[in-house]
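Descriptive analysis of the structure
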Amino acid sequence: MRALVTRFAPSPTGRLHLGHAYSAILAHDAARDAGGQFLLRIEDIDPGRSRAAFVDGIIEDLLWLGLQPDGEIVYQSERLPFYAAALDRLKAEGLVYPCFCTRSAIAAEVAASASAPHGPDGPHYPGICRRLSPDARAARMAVEPHSWRLDVGQAASRAGPFSWHDEHAGEVAADPACFGDVVLARKDAPVSYHLAVTVDDADQGVTHVIRGRDLFAATHVHRLLQALLGLPVPLYRHHGLLIDAEGRRLAKRHGAPTIADLRAGGADPAALAAALRMGQMPGGYSLAST
Ligand code: GLU
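Owing to the predicted nature of the structure, the values given are computational and were not obtained by experimental measurement. (Residues numbered from 1 in each chain as written. Predicted model: local features only at pLDDT ≥ 70, side-chain atom pairs only at ≥ 80, totals over all residues. Heavy atoms only, no water.)

Some thoughts on the sheet that holds strand β7 (residues 147–150)
We apply this condition: Whether two strands pair comes down to DSSP finding at least two bridges between them. Here a strand is any run of E in DSSP of at least two residues, a helix any run of H or I of at least four, and the numbering for each starts at the N terminus. Helix axes are fitted only over the stretch in contact, all axes being lines through C-alpha atoms; the angle between N-to-C directions runs from 0 to 180 degrees.
Sheet architecture is open: three strands sit in the order β4-β7-β10, paired in antiparallel fashion. Two strands close off the open sheet at either side, each with one partner strand: β4 (96–99) and β10 (183–185). The average undirected angle you get between the axes of adjacent strands in this sheet is 40°. One ladder, built from four bridges, connects β4 with β7; its direction is antiparallel. Considered in β7, the bridge of C99 is made with S147.

Following this line, the structure appears as structure tokens:
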């Protein structure tokens, strides 16, 4: 049996809050309990929103909480060639297509359609560029910025039916088309979350993906990409999310304190980590039941 490997994979777009700390503790403890490894991966592929100062802050917060990662810290910004290779494979199989649409063109098309399918993130991409002829595509690629979208209909029929396992939900029948034709490489960044996270979890030998329930549906897409790219399938655990007294998810705009704020306020890290481990959230926060 492979040793258990978990990871914490924050995007350095802000400081960690209690929800992140809870997620990191679950991943850390699962690894420690099994004598496995707890990896830290910095998901800094968004050039507009990632900040080096937040990376330093995240590492500081984890160490303050007693969560020492194993091995080297992996930075997605240093792994772009691996994502490009995965994308090239999907291009060679004709499973992705260039998309030239602007947000407003997509919104207009969706508004004009009587029955645009919707997914967890809103309306699906209406397929405008999927229908371009090979000649139109080639001509526009030479001069127009474009993203790359997965042709999810083709990809799902290529992969056939499959499932994945969640430690809370049990065996989950995959619904890979739930987001429609997702973007795998953005106009402004050479890769998207879905592709980078799937390639990295495989390359880092992650056996257990422990993350918040907000990413449950994304796993359908990740599982599809694993099938297309011949990658191993980890076990998943999507844990409950922290909510405030009004039932809202933790967010800076709702005044949720960061770990740095709690530290500056004199919190005891061992007591804070122990409370999170027992599911006792400080400050009027609680774990959502669904
Ligand atoms: N980077 C993602 C986030 O901060 C999490 C990715 C994952 O755990 O798969 O929301």
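Observations regarding the site of the ligand
Our working definition: The criterion for a residue being near a molecule or strand is simple. One of its heavy atoms has to lie within 4 Å of it. Throughout this description, a polar contact denotes any pair of N or O atoms lying within 3.5 Å of each other; where both atoms belong to protein, one of them has to be capable of donating a hydrogen while the other can accept it, and for residues adjacent in sequence the pair is counted only when both atoms sit in side chains. We get accessible surface area from the Shrake-Rupley algorithm with a probe of 1.4 Å; when it comes to residues, only the shown protein chains can shield them.
Looking at the ligand, the residues that line it are R7, A9, P10, S11, E43, Y193, V197, R211 and L215. Interatomic distance of 2.6 Å between a side-chain N/O atom of E43 and a nitrogen atom of the ligand. In the environment of the ligand, an oxygen atom lies 2.8 Å from a nitrogen or oxygen atom belonging to the side chain of R211. Calculation on the ligand without its partners gives an accessible area of 300 Å², and the protein chains cover 78% of this total.

Here we look at the side chain of R223
Heads up, the condition is: The cut-offs for exposure are 20% and 50% of the maximum accessible area for each residue type, with area from a 1.4 Å probe on protein chains only; residues under the lower value are buried, those over the upper are exposed, and the others partly exposed. We score Asp and Glu as negative and Lys and Arg as positive, and we do not count His or the chain ends. A pairing counts as a salt bridge when a side-chain nitrogen of Lys or Arg comes within 4 Å of a carboxyl oxygen of Asp or Glu. Between two residues, a contact is recorded if the distance between any of their heavy atoms is within 4.5 Å.
Topologically, R223 is positioned in helix α8 (residues 218–229). In this structure R223 is buried but unpaired, with E171 as the nearest side chain of opposite charge at 7.4 Å. Leave out the neighbours within four places in its chain, and R223 touches F162, S163, W164 and V233.

What about the packing of aromatic side chains?
Aromatic ring pairs are reported here in terms of the distance separating the ring centres and the angle at which the planes meet. The condition that has to hold: Each pair of aromatic rings taken from Phe, Tyr and Trp, with Trp reduced to its six-membered ring, is defined by centres within 6.5 Å and is described as stacked if the planes are under 30 degrees apart, edge-to-face if over 60, and tilted in the remaining cases.
One pass over the structure, following the stated rule, counts two aromatic pairs. Consider the rings of W164 and F216, whose centres lie 4.9 Å apart with planes at 55°: the pair is tilted. Taken as a pair, W164 in strand β8 (residues 163–166) and F216 in the loop between β11 (208–212) and α8 lie far apart in primary sequence, 52 residues in all. Judged by centre distance (5.6 Å) and plane angle (75°), the rings of W164 and Y236 are edge-to-face.

Quick look at the pattern of salt bridges
In total, this model carries 23 salt bridges according to the counting rule given. One salt bridge connects D29 with R277, and the closest N-O pair in it is separated by 2.5 Å. Taken together, the residues D29 in helix α1 (residues 18–33) and R277 in helix α10 (residues 269–277) connect sequence positions 248 residues apart. Note that R248 and D244 form a salt bridge whose closest N and O atoms lie 3.0 Å from each other. Residue classification places R248 among the partly exposed residues on the basis of a relative accessible area of 32%. One connected set of salt bridges, linked through shared partners, spans R7, R41, E43, R79, D200, D201 and D203.

A look at the packing of helix α7 (residues 193–203) against α8
Heads up, the rule is: In this scheme, roughly parallel covers angles under 35 degrees and roughly antiparallel covers those over 145, while 65 to 115 is roughly perpendicular and the rest are oblique. Should the near helix be turned anticlockwise from the far one by less than a right angle, the crossing is termed left-handed; should it be turned clockwise, right-handed.
Running from N to C, α7 and α8 point in directions that differ by 60°, and their axes come no closer than 9 Å. By the criterion of interaxial angle, the relationship of α7 to α8 is oblique. Of the two elements, α7 crosses α8, and the hand of that crossing is right-handed. Across the interface between the two elements, Y193, H194, L195, V197 and T198 from α7 touch A218, V221, H222, L225, Q226 and L229 from α8.

Here's the deal with the sheet that holds strand β2 (residues 37–42)
Strand order across the open sheet formed by three strands is β1-β2-β3, with parallel pairing between neighbours. This sheet does not close on itself; its edge strands, each paired only once, are β1 (5–8) and β3 (74–75). Direction of pairing for β1 relative to β2: parallel, over a ladder of four bridges. The residue of β2 that forms the bridge with V5 is Q37. Across the face of the sheet, helix α2 (residues 52–64) comes into contact with β1, β2 and β3 while running at roughly 160° to β2.

Quick word on the packing of helix α6 (residues 152–159) against α8
For the pair α6 and α8, interaxial distance at closest approach is 10 Å and the crossing angle is 60°. Of the possible angle classes, the one that applies to α6 and α8 is oblique. Remark: the crossing between α6 and α8 carries left-handed chirality. Side by side, α6 and α8 meet where V152, A155, A156, R158 and A159 of the first sit next to L224, A227 and L228 of the second.

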